[in-house]
Amino acid sequence: MTVINPEYELFSCEKYIMDRVEHAAGFKSAKKQLESVGSKKKQLLIRWFARFKGFGFLLLYLNEAFNRRRQKIYIFNDKIVFFDHVNRLIQRKIFEASYSADEIDYRVQDLNCSIFVFLRVYRLLNVFKSFYRARPSSCPALYELCKFWVYYTVYSDWLFKTSLSGVLVIDDYSMRRLALVLAAKDNGLRVGIVKMSDELERPCPFYRYDVLFCWNYRQSMEEDGFWDVVSHLQRPVRTMKKLSFNDNQKLKIGIALNAFFNKPGLINLISILNSEKWADQIIIRFHPSTKPDKYISSIEEYEIEVSEDAPELFFKDLDILICGRTSLIKEALLFGIPVVFDDSLENDMKKESGFVTRGEVFDMTGKQWNLSIINEISEYYQSNKWQEMRKQWILPDPRAISLKKAMEYLLVPDGEQDNGFK
């Protein structure tokens, strides 16, 4: 593997964090962003620390260290630390698909980092430099960067004392995941990255890693040069539903929302659908990071349901899915559910959806909801051109190795593996 200067990836993570916060700031007020950090007492504390710039950042770091120095970590077969998604993607798609039940051993380990570890001069100096390098421009950005350094300190201190061989994380945005990967690299552990969804051009701040687990050839080609070995995740492909409507059989409609959806757009869409004779049940699935209770009062006058099920269960009874930008688009299409991209659900109107520009999803922009549009949607997904395009979504890279062999690459330390991986 090509050696990358650790500082480059640290700087890349800092930029990634700042870019993410700035992206959210484009359609969330400063007040709304700050509310997401916790109680009003905590918000006031962060504001107070922010007044003192670098020195205040150090104080916030120590305050967060006291509260977050205890962590839980999940370990697979006493060799790999893994950080899963809420739908247990790693456990279901990799571990359970690669090993029999008696070969799998999960354990939870409690970490308790001494507060004196955070007080070491070189750590305080690194945190201080990070503030002036990243220059967080808001309280939420300051807080996110601070959390990253606390997690980084906890994981670095713990991994230094272990005999683990690697880490495995999904590429979902999280301070803990970023910190865990950087700490693993510092300690010479191998790193596996799991693509959470198969959308292209998904940001990843790491320049190199050992194993890539992805969904198709296009994804592995996009990441080519970043990984040593690649393996592909498998999933079934179902026949696309044909949409039809009669007085006895109306359509069950799902609405999938991302973390930054447009609330007025959602209310207007529900109002329109409620007036259509072909629309029966409307089921809304909020993003896992969203608290549905905050929005239910605004839409409770309509006949809706809220689903907190895993995607497969959410899709099970749907006839059609309406959404903005979300990783569920391709999951639904592979599940056989026609999907409609409705930009009225989007807050960030400047950012285009790759699914739309590549013609992979039916675009509702400039169209009206009516019965004729339902026929148009159905014809769109039944066309030979679209069906052929979907086949490419599961096409594997010819260089891909099996899931189990890729796992062995993470499990076996450097110098002990054979030459059959490349």
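Residues numbered from 1 in each chain as written. Predicted model: local features only at pLDDT ≥ 70, side-chain atom pairs only at ≥ 80, totals over all residues. Heavy atoms only, no water.

(A) A look at the overall build of the protein. Within the protein, the secondary structure is distributed over 18 helices and 13 strands. A globule of 422 residues ought to have a C-alpha radius of gyration of about 22 Å, and the protein, at 23 Å, matches this closely. Along the first, second and third principal axes, the C-alpha atoms of the protein reach 70 × 55 × 35 Å. Expressed as a percentage of the 422 residues in the protein, the buried residues total 51%. Of the contacts formed within the protein by residues at least 6 apart in sequence, a portion of 69% connects residues at least 24 apart. Looking at the protein as shown, the accessible area adds up to about 20500 Å², and 51% of this sits on carbon and sulfur atoms. With 60 positive and 56 negative side-chain charges, the protein shows a spacing of 6 Å between the two charge centroids. (Helix = DSSP H or I, 4+ residues; strand = E, 2+ residues; numbered from the N terminus. Rg over C-alpha atoms; globule rule 2.2 N^0.38 Å. Buried < 20%, exposed > 50% of the residue type's maximum accessible area, 1.4 Å probe, protein only. Contact = heavy atoms within 4.5 Å. Areas by Shrake-Rupley, 256 points an atom, 1.4 Å probe, with all protein chains shown as cover. Lys, Arg positive; Asp, Glu negative; His and termini not counted. Charge placed at Lys NZ, Arg CZ, Asp CG, Glu CD.)

(B) Inspection of the nonpolar core at higher detail. Within the largest apolar cluster, 61 residues are counted, with the highest numbers of intra-cluster contacts made by Phe148, Trp149, Tyr155, Leu159 and Leu180. By residue number, the principal contributor to this core is helix H8 (residues 139–159), which donates 15 residues. Ignoring any residue separated from it by four or fewer positions in sequence, one finds Trp149 in contact with Leu10, Glu14, Phe57, Tyr61, Asn126, Val127, Ser130 and Arg133. Ranked by size, the runner-up nonpolar core spans 50 residues in total, among them Leu273, Ala279, Phe315 and Phe341. (Core = buried A, V, L, I, M, F, W, Y, C linked by side-chain atoms within 4.5 Å.)

(C) Here's a closer look at the pairing of strand E6 (residues 211–214). Residues Val211 and Phe213 of E6 are buried on one face, and the alternating residues Leu212 and Cys214, pointing to the opposite face, are buried as well. In this structure, strand E5 (residues 190–194) lies alongside E6, joined through 3 bridges in parallel fashion. Looking across to E6, one finds that Ile193 is bridged to Leu212. In this sheet, strand E7 (residues 229–232) lies alongside E6 in parallel orientation, the contact comprising 4 bridges. Among the inter-strand pairings, Cys214 is bridged to a residue of E7, identified as His232. With helix H10 (residues 217–222) bridging E6 and the parallel E7, this β-α-β connection has right-handed handedness. (Pairing = 2+ DSSP bridges. Right-handed = clockwise from strand over helix to strand, strands pointing away.)

(D) Inspection of the packing of helix H3 (residues 40–50) against helix H4 (residues 53–68) at higher detail. At a closest axis distance of 7 Å, the pairing of H3 and H4 adopts a crossing angle of 145°. Side by side, H3 and H4 meet where Lys42, Leu45, Ile46, Phe49 and Ala50 of the first sit next to Lys53, Gly56, Phe57, Leu59, Leu60, Asn63, Glu64 and Arg68 of the second. A per-class count over the contact of H3 with H4 returns 7 nonpolar, 2 polar and 4 charged. (Axes fitted to C-alpha atoms, helices over the stretch in contact; angles between N-to-C directions. Nonpolar A, V, L, I, M, F, W, Y, C, P; charged D, E, K, R; others polar.)

(E) Representation of the sheet that holds E5 in the model. Taken in spatial order, the 7 strands line up as E3-E1-E2-E4-E5-E6-E7 in an open sheet, and their pairing is mixed. Where the open sheet ends on each side, the last strands, each with one partner, are strand E3 (106–112) and E7. Pairwise comparison of adjacent strand axes, ignoring direction, gives a mean angle of 25° for this sheet. Direction of pairing for strand E4 (residues 166–170) relative to E5: parallel, over a ladder of 5 bridges. In the strand pairing of E5, Ile170 is matched with Val194.

(F) Region of the structure containing helix H11 (residues 263–274). Compared with the 16 Å implied by 1.5 Å per residue over 12 residues, the 17 Å span of H11 between its first and last C-alpha is a close match. Taken together, the buried positions of H11 are Gly265, Leu266, Leu269, Ile270 and Leu273. Taken down its axis, H11 places every buried residue within 130° of arc, on the same side. (Expected span 1.5 Å × (residues − 1). Arc of directions from axis to C-beta.)

(G) Seen up close, the sheet that holds strand E11 (residues 320–323). Across the sheet, which stays open at both edges, the 6 strands sit in the order E10-E9-E8-E11-E12-E13 with parallel pairing between neighbours. Edge strands, defined here as strands with exactly one partner in the open sheet, are strand E10 (305–306) and strand E13 (362–363). Sheet topology note: the E11/strand E12 (residues 339–341) ladder contains 3 bridges and is parallel. In the strand pairing of E12, Cys323 is matched with Phe341.

(H) Unusual backbone geometry, seen in detail. A positive phi is found at Lys53, a non-glycine position, where the angle reads about 50°. The topology assignment puts Lys53 in helix H4. Residue class for Lys53 comes out exposed when judged on its relative accessible area of 54%. We note that Asn77 has phi near 50°; this positive angle belongs to a residue other than glycine. Of note, Asn77 is situated in the loop between strand E1 (70–76) and strand E2 (80–83).

(I) Looking closely at the packing of aromatic side chains. As enumerated under the stated definition, the model contains 27 aromatic pairs in all. Consider the rings of Phe82 and Phe95, whose centres lie 5.1 Å apart with planes at 90°: the pair is edge-to-face. Residue Phe82 is found in strand E2, and its partner Phe95 is found in helix H5 (residues 89–98); the two are separated by 13 residues along the sequence. Both residues of the pair, Phe82 and Phe95, belong to the buried class. Members of the aromatic cluster, connected to one another through ring pairs, are Tyr74, Phe76, Phe82, Phe95, Tyr99 and Tyr106. (Phe/Tyr/Trp six-rings, centres within 6.5 Å; stacked < 30°, edge-to-face > 60°.)

(J) Main features of the environment of Lys385. Summarising the element assignment, Lys385 is placed in helix H17 (residues 384–391). A sequence separation of 214 residues divides Lys385 from Asp171, and the C-alpha atoms of the two residues are 31 Å apart.

(K) Fine view of a nonpolar patch on the surface. A surface patch of nonpolar side chains, about 300 Å² in accessible area, is lined by Tyr8, Phe11 and Tyr207. Structurally, Tyr207 can be placed in the loop between E5 and E6. (Patch = residues over 30% accessible without salt bridge, like charges linked within 9 Å, V, L, I, M, F, W, Y side chains within 5 Å. Salt bridge = Lys/Arg side-chain N within 4 Å of Asp/Glu carboxyl O.)

(L) Layout of the environment of Ser137. Considering the arrangement of structural elements, one finds Ser137 in the loop between helix H7 (121–134) and H8. Residue Ser137 is classed as exposed on the basis of its relative accessible area, which comes to 66%. Through-space distance from the C-alpha of Ser137 to that of Glu22 is 8.8 Å; in sequence the pair is 115 residues apart.

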